[in-house]
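These are the residues of each chain, in order.
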Amino acid sequence: GVQWAQALGLLAEMASARVELDTITYGAGVSACGKGGQWALALGLLAEMASARVELDTITYNAAVSACEKGGQWDQALRLLVEMAS
């Protein structure tokens, strides 16, 4: 369903309320996007994390790789694996 949209809405509300988003909150968003088949939004959250200088951990990378896999985006999944290893 629409849980990915609710998760992204919650992240936006938190940011507008000046709540500091961390690895766990972003990771939950990436995971929700993956479960909803929204691989591009999951990658967008990863990019946002990097811009905000939030640590990209193994769990978040795994959620993004899974999102890409579910969307048939194997090239993106492989890119993430290479990025994670470096």
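As the structure is a prediction and not an experimental result, all values here were calculated from the model. Counting of residues starts from 1 at the beginning of each chain's written sequence and follows it residue by residue. Per-residue local features of the predicted model are confined to residues with pLDDT of at least 70, and side-chain atom pairs are confined, for both listing and counting, to 80 or more; whole-chain, interface and lining totals are unaffected and use all residues. With hydrogens and water excluded, all non-hydrogen atoms of the structure serve as input to the side-chain values.

Peer 1: Quick question: what am I supposed to make of the nonpolar core here?
Peer 2: Side chains of nonpolar character tend, in soluble globular proteins, to be buried together. Counting residues in each nonpolar core, the largest one holds 19 residues, and the members touching the most others are Tyr26, Val30, Leu45, Leu46 and Leu80. If you list the elements that add at least two residues to this core, you get helix H2 (23-35), helix H3 (39-51), helix H4 (58-70) and helix H5 (74-85). Secondary structure is summarised from DSSP: a helix means a run of H or I of at least four residues, a strand means a run of E of at least two, and numbering begins at the N terminus for each. Here this core gets six residues from one element, more than from any other, and that element is H4. Leave out the neighbours within four places in its chain, and Tyr26 touches Leu11, Leu21, Leu45, Glu48, Met49, Ala52 and Val54. Grouping buried Ala, Val, Leu, Ile, Met, Phe, Trp, Tyr and Cys residues that are joined through side-chain atoms within 4.5 Å yields what is termed a nonpolar core. Relative accessibility under 20% of the residue-type maximum defines a buried residue, over 50% an exposed one, and the middle range a partly exposed one, all with a 1.4 Å probe and only protein chains included. Any two residues whose heavy atoms approach within 4.5 Å are treated as being in contact.

Peer 1: Just checking my understanding: could you explain the packing of helix H1 (residues 3-16) against H2 for this structure?
Peer 2: Interaxial distance between H1 and H2 falls to 8 Å at its minimum, and their mutual angle equals 155 degrees. One element, H1, and the other, H2, form an angle in the roughly antiparallel class. Considering how the two elements wind past one another, H1 and H2 form a crossing that is left-handed. The residues of H2 that touch H1, namely those facing Gln3, Trp4, Ala7, Leu8, Leu11 and Met14, are Thr25, Tyr26, Gly29, Ala32 and Cys33. Throughout this entry, Asp, Glu, Lys and Arg are counted as charged residues, while Ala, Val, Leu, Ile, Met, Phe, Trp, Tyr, Cys and Pro are counted as nonpolar. The remaining residues, Gly among them, count as polar. Here the contact of H1 with H2 is composed, by residue class, of eight nonpolar, three polar and no charged. Axes, fitted as lines to C-alpha atoms, cover a helix only where it is in contact. Angles between the N-to-C directions of the axes lie from 0 to 180 degrees. Angle categories: roughly parallel below 35 degrees, roughly antiparallel above 145, roughly perpendicular from 65 to 115, and oblique for all the rest. In this scheme the crossing of two helices becomes right-handed for a clockwise turn of the near helix relative to the far one and left-handed for an anticlockwise turn of less than a right angle.

Peer 1: Sorry if this is basic, but what is going on with the environment of Tyr26 here?
Peer 2: For Tyr26, the position within the fold is in helix H2. You can call Tyr26 buried: its relative accessible area is 4%. Through-space distance from the C-alpha of Tyr26 to that of Thr60 is 7.8 Å; in sequence the pair is 34 residues apart.

Peer 1: I'm lost on a nonpolar patch on the surface in this one. Help?
Peer 2: A contiguous nonpolar patch, built from Leu78, Leu81 and Met84 and spanning about 260 Å² of accessible area, is present on the exposed surface. Note on Leu78: relative accessible area 53%, which makes it exposed. What makes a patch is a set of residues exposed beyond 30% relative accessible area and free of salt bridges, joined within 9 Å when like-charged and within 5 Å when nonpolar (Val, Leu, Ile, Met, Phe, Trp, Tyr). Accessible surface is estimated by sampling points in the Shrake-Rupley manner with a 1.4 Å probe; for residues, cover comes only from the protein chains shown. Take a side-chain nitrogen of Lys or Arg and a carboxyl oxygen of Asp or Glu: if they are within 4 Å of each other, that pair is a salt bridge.

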